[in-house]
Amino acid sequence: MACIHLVDGDKGGVGKSFVCSTLIQYFLDRNIDFIPVEADRYNPDVANRYGDLTFQFAIFSDDERQTQADLLRDLAVKQPLIISLPSQVGQPLNDWLDMACFDAAENGVSFVRWFITSGTFESLNLFQIALERHGGNFPHVLVKNWGVSDDWSELSALSDLNKLMKRHKVQVIDFPRLPWQETNLVQKKNWTFAEARAAADLPSMSRTKIKRFLKEAYTAFESTGQITNAATPKPAPKTPPVKA
């Protein structure tokens, strides 16, 4: 069954694009065929970074006449999708999912929501809203992004959210922190992770840090069981050239 991977968070600054780029790199490194989808029309940084890939584009809007995402489920019948979602898209996304989930399984399509959080009350409250709406319809993975926060006390304190997570068997993973210098370089150079770990002008220690970060992130992704053997392998790609 093909899967639509929703890389969500519904709040700016939690690291959605960074996590989505890492998930895309995982699929590339594992030679898994997929279709990348950019849904951030104002800051399509994932599509810009992985510009060598053929992206589909989608729009989720409070005005249902402007929402342009209905073809996504048809695409997912052919290959898994990884959707990079923008901030403040929760309501129109959930409205679309109400219909998209209807008879999706009969058409060979499943969903996974990777919800990126910084551990603040606002971020976790948005996750609770998403879980209340669709927690019983498909798996949700709460991604604790250690690259933006190391304080997760609020998560432990929210008893209603924890009860909801337990009821819907939410998986929680730790997304590792890439050191600031390497993170800044990846963003400044607009490198893919493949380009960054092969960049000849980086110190060998920096390349080692990037490789270690990817290894830890991949282990976290795989621990959920949501992507292992979820797609058809394709021939290994050639190593891309490094951007200047």
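Reading the values: the criteria
Residues numbered from 1 in each chain as written. Predicted model: local features only at pLDDT ≥ 70, side-chain atom pairs only at ≥ 80, totals over all residues. Heavy atoms only, no water. Helix = DSSP H or I, 4+ residues; strand = E, 2+ residues; numbered from the N terminus. Buried < 20%, exposed > 50% of the residue type's maximum accessible area, 1.4 Å probe, protein only. Contact = heavy atoms within 4.5 Å. Lys, Arg positive; Asp, Glu negative; His and termini not counted. Charge placed at Lys NZ, Arg CZ, Asp CG, Glu CD. Salt bridge = Lys/Arg side-chain N within 4 Å of Asp/Glu carboxyl O. Phe/Tyr/Trp six-rings, centres within 6.5 Å; stacked < 30°, edge-to-face > 60°. Pairing = 2+ DSSP bridges. Axes fitted to C-alpha atoms, helices over the stretch in contact; angles between N-to-C directions. Disulfide = S-S within 2.5 Å. Core = buried A, V, L, I, M, F, W, Y, C linked by side-chain atoms within 4.5 Å. Arc of directions from axis to C-beta. pLDDT = per-residue confidence, 0-100.

Engineer: Can you lay out the overall build of the protein for me, pointing to particular residues and giving the numbers?
Structural biologist: Per the secondary structure count, the protein includes 10 helices and seven strands. In terms of overall dimensions, the protein has C-alpha extents of about 50 × 40 × 35 Å along its principal axes. A burial count over the protein gives 51% of its 244 residues as buried. Counting contacts in the protein only where the partners sit at least 6 residues apart, residues at least 24 apart contribute 74% of the total. For the protein, the centre of its 27 positive side-chain charges and the centre of its 29 negative side-chain charges are spaced 8 Å apart.

Engineer: Tell me what's going on with the pattern of salt bridges, and back it up with residues and numbers.
Structural biologist: Working definition: two side chains of opposite charge can pair if their charged atoms are close together. Tallied over the full model, the rule gives 10 salt bridges. Taking the shortest distance from any N to any O, the salt bridge between Lys 144 and Asp 174 comes out at 3.5 Å. Here Lys 144, found in strand 6 (residues 140–145), pairs with Asp 174, found in strand 7 (residues 171–175); they are 30 residues apart in sequence, far enough to count as distant. Relative accessible area serves as the criterion here: at 15%, Lys 144 is assigned to the buried category. For Asp 174, a relative accessible area of 43% translates into the label partly exposed.

Engineer: Lay out the packing of aromatic side chains with the relevant residues and their values.
Structural biologist: For the structure shown, the criterion picks out 15 aromatic pairs. Pairing Phe 18 with Phe 193 gives two aromatic rings, centres 5.4 Å apart and planes at 85 degrees, and the pair type is edge-to-face. In this pair, Phe 18 is assigned in helix 1 (residues 16–29) and Phe 193 in helix 9 (residues 193–198), connecting sequence segments 175 residues apart. Judged by its relative accessible area of 13%, Phe 18 is buried. For Phe 193, a relative accessible area of 1% gives the class buried. Plain terms: the ring middles of Phe 27 and Phe 34 are 5.4 Å apart, the flat faces sit at 65 degrees to each other, and that makes the pair edge-to-face.

Engineer: Quick rundown of the sheet that holds strand 5 (residues 109–117)? Include the residues and the values.
Structural biologist: Spatially, seven strands are ordered 3-2-4-1-5-6-7 in an open sheet, and the strand pairing comes out parallel. Both edges of this open sheet fall to strand 3 (56–57) and strand 7, since each of them pairs with a single strand only. Alignment of strand 2 (residues 35–38) against strand 3, held across two bridges, turns out to be parallel. Its bridge partner lying in strand 3, Glu 38 is registered against Phe 57. In this fold helix 4 (residues 90–100) packs onto strand 1 (2–8) and strand 5, with an angle of close to 160 degrees to the strand it touches most, strand 5. Sheet strands touched by helix 5 (residues 121–134): strand 5 and strand 6. Its angle to strand 5, the strand with the most contacts, is close to 160 degrees.

Engineer: Describe the state of the cysteines, naming the residues involved and giving the relevant values.
Structural biologist: Under the counting rule described, the total for this entry stands at zero disulfides. Among the cysteines around Cys 101, which has no disulfide bond, Cys 3 carries the closest sulfur, lying 11 Å off.

Engineer: Tell me about the nonpolar core, and name the residues and values.
Structural biologist: Residues Ile 24, Trp 114, Phe 193 and Phe 221 are the most contacted members of the largest nonpolar core, which totals 40 residues. For this core, the elements supplying multiple residues, two or more each, are strand 1, helix 1, helix 2 (45–49), strand 5, strand 6, strand 7, helix 9 and helix 10 (204–223). Among the elements that take part in this core, helix 1 stands out by supplying eight residues, more than any other. Contact partners of Phe 221, with chain neighbours within four places excluded, come to Val 19, Thr 22, Leu 23, Tyr 26, Trp 114, Ile 173, Phe 175 and Ile 227. Grouped together as the second largest cluster of nonpolar side chains are 24 residues, Leu 6, Phe 60, Leu 97 and Ala 104 included.

Engineer: Requested: an account of helix 3 (residues 71–78), with residues and values cited.
Structural biologist: Within helix 3, the full set of buried residues consists of Leu 72, Arg 73, Leu 75 and Ala 76. The buried residues of helix 3 occupy one face: seen down the axis, they fall within an arc of 160 degrees. Set apart from the buried face of helix 3 by more than 90 degrees, the exposed residues are Leu 71 and Lys 78. Summarising the contacts, the buried residues of helix 3 are in contact with strand 1, strand 2, strand 3, strand 4 (81–84), helix 4 and strand 5.

Engineer: So what's going on with the confidence of the model for the protein? Which residues, and what values?
Structural biologist: The share of residues in the protein with pLDDT of 70 or more is 93%, and the mean pLDDT across the chain is 92. Throughout residues 229–237 the model reports pLDDT below 50, and contacts reaching past four residues in sequence, or to other chains, amount to 18 contacts.

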